[in-house]
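Chains, contacts and geometry: an overview
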Amino acid sequence: MTRARRQTLRLALIGWGAISRRIAALLAGASDIGIVAVGVRNAAGAADVPAGARLVTDPQALAGLDLDLVVEAAGREAVGLWGEAALTHAPAFVVASTSAFCDTALLDRLLATAQAHGSQLLIPPGALAGIDGIAAASLLPLDTVVHRIVKPPEAWRGTAAEGLVALDGLTRPATFFSGTAREAASRFPQNANVAVISALAGIGLDRTRVELVADPAAGGNGHQLSVRGAFGKLDLAIENRPLATNPKSSEMTALGLVRLIENRIRPLVR
């Protein structure tokens, strides 16, 4: 007996910024994935949503859309606004703005909603590689997880980094923050959001150590992960090209979300 598979995945995107637009562009040729809705706070700035997609401003409008997946890429406030409705009206809700989970009460509330409705809260790999390895390694005791985030000075402009380091005229790397993943993601939600991903994969927000670095020689947005535990050692470095429309985000963030979306419908899961 074979199990019937839906021919087209019905997808809703929350947010219509740089990441959502990149996702839509990458999925434009996919015949088995349809963007049926785009959720935004203000419809005025989202006139160019994909053809056939419904523009919605009320989370409860997700009801009745027969969704397979909801993907958030709108900022941490959107997670609280849309999360419960997404988990109620779709089998899975993907959260890109993982800094929202620094709010433990919010995370607990969303997990309770998922439990009540038989849905799933999915954490994407973001701009990282090796997250599956950290998650697997965490089945045994982990001793330390250190996540070092290195970006060029321009990627830190408009953030709290400007009050901690003189970004203009840097001639060498400057480590301007060292603390927990919870602290990093709370203070730098646009740049250190990804620290929550490595933390939730491993030893949690308060034991994962994060260092933030402005480096004038950096060619992209870099992440260096060092993990030690009963499994052995993991050391990994990745340097991502920033999104052309938003230097604070990496191209890999959008690529990872597209891979996650495709894995919900394609017969070969990578």
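I will try to describe carefully the structure that is included in this document. (Residues numbered from 1 in each chain as written. Predicted model: local features only at pLDDT ≥ 70, side-chain atom pairs only at ≥ 80, totals over all residues. Heavy atoms only, no water.)

**Topic: helix α2 (residues 76-89)**
What counts is decided by this rule: Numbering of helices and strands runs from the N terminus, with a helix taken as a DSSP run of H or I at least four residues long and a strand as a DSSP run of E at least two residues long. Helix span, expected: 1.5 Å multiplied by one less than the number of residues in the helix. The angle separating two fitted axes, one through the seven residues that finish at a residue and one through the seven that start at it, defines the bend at that residue.
Taking 1.5 Å per residue as the helical rise, α2 with its 14 residues ought to reach 20 Å, and the 20 Å between its terminal C-alpha atoms agrees with that figure. Along its length, α2 shows its largest kink, about 50 degrees, at Trp-82.

**Side note on the sheet that holds strand β10 (residues 221-229)**
Worth spelling out the cut-off: Think of it this way: DSSP has to see at least two bridges between two strands before they count as a pair. To get an axis, fit a line to the C-alpha atoms, keeping to the stretch in contact for a helix; angles then go from 0 to 180 degrees between the N-to-C directions.
Spatially, five strands are ordered β8-β9-β7-β10-β11 in an open sheet, and the strand pairing comes out mixed. The sheet is open, and its two borders are formed by β8 (174-180) and β11 (232-240), each paired with just one other strand. For this sheet the average axis-to-axis angle between neighbouring strands, irrespective of direction, equals 10 degrees. Examined bridge by bridge, strand β7 (residues 142-151) and strand β9 (residues 209-214) share six bridges and lie parallel to one another.

**Concerning the environment of Ile-35**
Threshold: Residue exposure (1.4 Å probe, protein chains only): buried if accessible area is under 20% of the type maximum, exposed if over 50%, otherwise partly exposed. Note on contacts: a residue pair qualifies if any of its non-hydrogen atoms lie within 4.5 Å across the two residues.
You can see Ile-35 is positioned in strand β2 (residues 33-39). According to the relative accessible area criterion, Ile-35 is buried, its value standing at 13%. Along the sequence, Ile-35 and Leu-62 sit 27 residues apart, while their C-alpha atoms lie 13 Å from each other. Residues contacting Ile-35, with those up to four places away along its chain left out, are Leu-11, Leu-13, Ala-24, Pro-50, Gly-52 and Ala-53.

**Section: the pattern of salt bridges**
Put simply, the rule is: A pair is scored as a salt bridge if a Lys or Arg side-chain nitrogen falls within 4 Å of a carboxyl oxygen belonging to Asp or Glu.
Counted by the stated rule, this structure contains 10 salt bridges. The partner of Arg-22 in a salt bridge is Glu-251, with the nearest N and O atoms 2.7 Å apart. Placement of the pair is Arg-22 in helix α1 (residues 18-26) and Glu-251 in helix α7 (residues 251-263), with a sequence separation of 229 residues. Judged by its relative accessible area of 30%, Arg-22 is partly exposed. The residue Arg-182 makes a salt bridge to Asp-206 at a minimum N-O spacing of 2.8 Å. Of the two residues, Arg-182 sits in helix α5 (residues 181-187) while Asp-206 sits in the loop between α6 (195-201) and β9, which places them 24 residues apart along the sequence. Note on Arg-182: relative accessible area 21%, which makes it partly exposed. Here the salt bridges do not stand alone but share partners, grouping Asp-32, Glu-262 and Arg-266 into one network.

**Details of the side chain of Glu-72**
The line we're drawing: What qualifies as a polar contact is a pair of N or O atoms within 3.5 Å, subject to a donor-acceptor requirement within protein and to the restriction that residues adjacent in sequence count only when both atoms come from side chains.
Within the element layout of this structure, Glu-72 appears in strand β4 (residues 69-72). Within the structure, the side chain of Glu-72 is placed 2.9 Å from the backbone nitrogen of Ala-96, a separation counted as a polar contact. Of note is the side chain of Glu-72, whose polar atom sits 2.5 Å from the side chain of Ser-97. Apart from the residues within four sequence positions on either side, Glu-72 is in contact with Ile-14, Ala-78, Val-79, Phe-93, Val-94, Val-95, Ala-96 and Ser-97.

**Remarks on the sheet that holds β4**
Taken together, the six strands give an open sheet; going across it, the order is β3-β2-β1-β4-β5-β6, and neighbouring strands pair in parallel fashion. The open sheet has two edge strands, β3 (54-56) and β6 (120-122), and neither has a second partner. Strand-to-strand twist across the sheet, computed as the mean angle between neighbouring axes with direction ignored, equals 25 degrees. In this structure, strand β1 (residues 9-14) lies alongside β2, joined through six bridges in parallel fashion. In the strand pairing of β2, Leu-9 is matched with Ile-33.

**Details of unusual backbone geometry**
At Asp-66, a residue that is not glycine, the phi angle is positive and equals roughly 55 degrees. Mapped onto the secondary structure, Asp-66 falls in the loop between β3 and β4. Owing to a relative accessible area of 46%, Asp-66 belongs among the partly exposed residues under this scheme.

**Focus on the packing of α1 against α7**
Defined as follows: The cut-offs work like this: below 35 degrees is roughly parallel, past 145 is roughly antiparallel, 65 to 115 is roughly perpendicular, and the gaps in between are oblique. Take the far helix as your reference; a near helix turned counterclockwise from it by less than a right angle gives a left-handed crossing, and one turned clockwise gives a right-handed crossing. For this classification, Asp, Glu, Lys and Arg are treated as charged, while Ala, Val, Leu, Ile, Met, Phe, Trp, Tyr, Cys and Pro are nonpolar and the rest, including Gly, are polar.
Here α1 crosses α7 at 50 degrees, and the two axes come no closer than 9 Å. When the axes of α1 and α7 are compared, the pair comes out oblique. The hand of the α1/α7 crossing is right-handed. Of the residues in α7, those in contact with Ile-19, Arg-22, Ile-23 and Leu-26 of α1 are Glu-251, Thr-253, Ala-254, Leu-255, Leu-257, Val-258 and Ile-261. Looking at the contact of α1 with α7 residue by residue, the class counts come to eight nonpolar, one polar and two charged.

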